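The primary structure of each chain is shown beneath.
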Amino acid sequence: MIVRWGLDSLPEACAEAGVSSPLLIASERWDALELAVEPVARWREVPSDRIAEAVAAAHGADGVLALGGGSAIDLGKAISAATASPLVSVPTTYAGAEWTSYYGVRDPERRMRGGGGGAHPTAIVYEPGLTLELPPEITVGTAMNALAHCAEALYVQGHNPAADEHALAGARLIAEWLPLVVVTPQDREARAALLRGACHGGAALAGSMLALAHAMAQAIGGRYGLPHGTLNGICLPPVLRFNTPYAPDAVARFGEAVGDRNDAARGVEALTALAGPTRLGDLGVPENELPRLAATAAERGGNLANPKPASPDEIEQLLREAY
C-alpha cells in the first residue's frame, strides 16, 4: 500500500498508483475543497447503491479517488472492483476502510444492500486537517471502529506478529489521543496522532481481518442504517469479556494498550462514553429483534474467525449485555 501524509502529496500518490484522470467520489460537503488532481467526473451520492450508474460515470477515468468516510471509500471500492481500476483514498474519519479490498453497499438511508470484494486499494493520503471539523460523536464512533480493528487483529484466527505490532501501536495512540481530541477538537497535533492510530488499526485489519464484535455491528448497522463505528464501541466490550477465556493473553495485551490490563472491556467503555450513545437501546434497536440479529451475526465471517465462534444464543446474550 502507498501511504502518504498531507493533501499536497495527493498528486504524487495518484501518480504512483497509476491514476491521472480519476472518478472522484465525494459528497457535496467537499465541493469547496480544492484538490491538486483534476477528476474527469464526480459522484456525489454517498452512500449509494446505484453502483452501475456510478460505474457509467467513470467512463474515461483510469482510476477512482474516494474522499470521505467509510461510506465514500466503500463506494469507491465497489466501483474499483467493478472496473478493475486502482483506488486512491483520502479518509476524513478514522474508520479504516481504506485498507481492505472488501466493501459493503448501502443505500442513501444507510441500509445494507449488498457487498463484495475484489477492489484494488492502491494508495492512501492522510490529511489531519480534513478531520478538524468532525463532531464529537463521529470522532469517537469512527475511532472506536479503528480500536475494534486493533483488538480483533490480536486474537482473530490468522493473527500474526506483523499485524499484532500495528494493532498494539494503534490501540495505544487511540487510547492516548482520543480523549484530548474530544476536549480540544481543533488541536491538529492531537488529530494527527489519532489518525496515525487509525492508520495502524487499518494496517492491522488488512493483515488479519475481523472477528465477532464487527460481525455484531455489521448485522445491526446493516439492518437499521446505524453508524458502524458507534456500534463497534458498544459491541466490543461484551465480546472482549466473552473472548477472555479463549484468548487471555491477546485480550490482556490489548487491555494494557488501552490503559486497563486487568479489564480491557472497561477501558473500551470509558473511551466509548466520551461522546455518543453507549447502549443499543439508546440507538433505538428493537429489543424483540435481538434473536434475529444474533442469528444473522452468527453466520458472518467475523464470528467464524473469532477465537471461539459464538452460537446464536451466546450472541443474543452479548447483545442483551450491550442493550
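Residues numbered from 1 in each chain as written. Predicted model: local features only at pLDDT ≥ 70, side-chain atom pairs only at ≥ 80, totals over all residues. Heavy atoms only, no water.

Engineer: How would you sum up the sheet that holds strand 4 (residues 63–68)? Please name residues and give values.
Structural biologist: An order of 1-8-5-4-2-3 is seen for the six strands of this open sheet, with the pairing classed as parallel. The open sheet is flanked by strand 1 (2–5) and strand 3 (41–43), the only strands paired with a single partner. Geometrically, the sheet is characterised by an average inter-axis angle of 20 degrees between neighbouring strands, direction not taken into account. Bridge count between strand 4 and strand 5 (residues 87–91): five bridges; the pairing is parallel. In the sheet register, Leu65 faces strand 5, and the bridge partner there is Val88. Relative to strand 1, helix 6 (residues 188–208) is tilted by about 175 degrees, and along the sheet it contacts strand 1 and strand 8 (121–126). (Pairing = 2+ DSSP bridges. Helix = DSSP H or I, 4+ residues; strand = E, 2+ residues; numbered from the N terminus. Axes fitted to C-alpha atoms, helices over the stretch in contact; angles between N-to-C directions. Contact = heavy atoms within 4.5 Å.)

Engineer: Please set out helix 1 (residues 10–17) residue by residue, giving values where relevant.
Structural biologist: Buried within helix 1 are the following residues: Leu10, Ala13, Cys14 and Ala17. On an axial view of helix 1, the arc spanned by its buried residues comes to 100 degrees, and they lie on one face. On the buried face of helix 1, the contacting elements are strand 1, strand 4, strand 5 and strand 8. Among the residues trailing helix 1, Gly18 stands out with phi positive, at a value near 80 degrees. (Buried < 20%, exposed > 50% of the residue type's maximum accessible area, 1.4 Å probe, protein only. Arc of directions from axis to C-beta.)

Engineer: Describe the packing of helix 4 (residues 136–155) against helix 6, naming the residues involved and giving the relevant values.
Structural biologist: Axis separation between helix 4 and helix 6 bottoms out at 8 Å; the angle between their running directions is 40 degrees. Viewed along their axes, helix 4 and helix 6 adopt a mutual orientation that is oblique. Between helix 4 and helix 6 the crossing geometry is left-handed. Seen from helix 4, the contacting residues are Thr139, Ala143, Ala146, His149, Cys150 and Ala153; seen from helix 6, they are Arg191, Leu194, Ala198, Gly201, Ala204, Leu205 and Ser208. Partitioned by chemical class, the residues of the contact of helix 4 with helix 6 number eight nonpolar, four polar and one charged. (Parallel < 35°, antiparallel > 145°, perpendicular 65-115°, else oblique. Left-handed = near helix turned anticlockwise from the far one by under 90°. Nonpolar A, V, L, I, M, F, W, Y, C, P; charged D, E, K, R; others polar.)

Engineer: Can you explain the nonpolar core? Please cite residues and give values.
Structural biologist: Core analysis: the biggest nonpolar cluster contains 73 residues, and Tyr155, Leu240 and Phe254 have the highest contact counts within it. In contact with Tyr155, other than residues within four places in its own chain, are Ala211, Leu236, Val239, Leu240, Asn243, Ala247, Ala250, Val251, Asn306 and Pro307. Judged by nonpolar contacts, the second largest core, of 18 residues, contains Leu7, Ala13, Ala26 and Ala123. (Core = buried A, V, L, I, M, F, W, Y, C linked by side-chain atoms within 4.5 Å.)

Engineer: Outline the pattern of salt bridges, listing residues and values.
Structural biologist: Counting across every chain of the model gives 19 salt bridges. Where Asp107 meets Arg113, a salt bridge forms, and the shortest distance between an N and an O atom there is 2.8 Å. According to the relative accessible area criterion, Asp107 is buried, its value standing at 5%. For the salt bridge of Glu287 with Arg320, the shortest nitrogen-to-oxygen distance reads 3.4 Å. Within this pair, whereas Glu287 is found in the loop between helix 10 (264–272) and helix 11 (290–299), its partner Arg320 is found in helix 13 (residues 312–321), the two being separated by 33 residues in sequence. Here Glu287 falls in the partly exposed class, since its relative accessible area comes to 42%. (Salt bridge = Lys/Arg side-chain N within 4 Å of Asp/Glu carboxyl O.)

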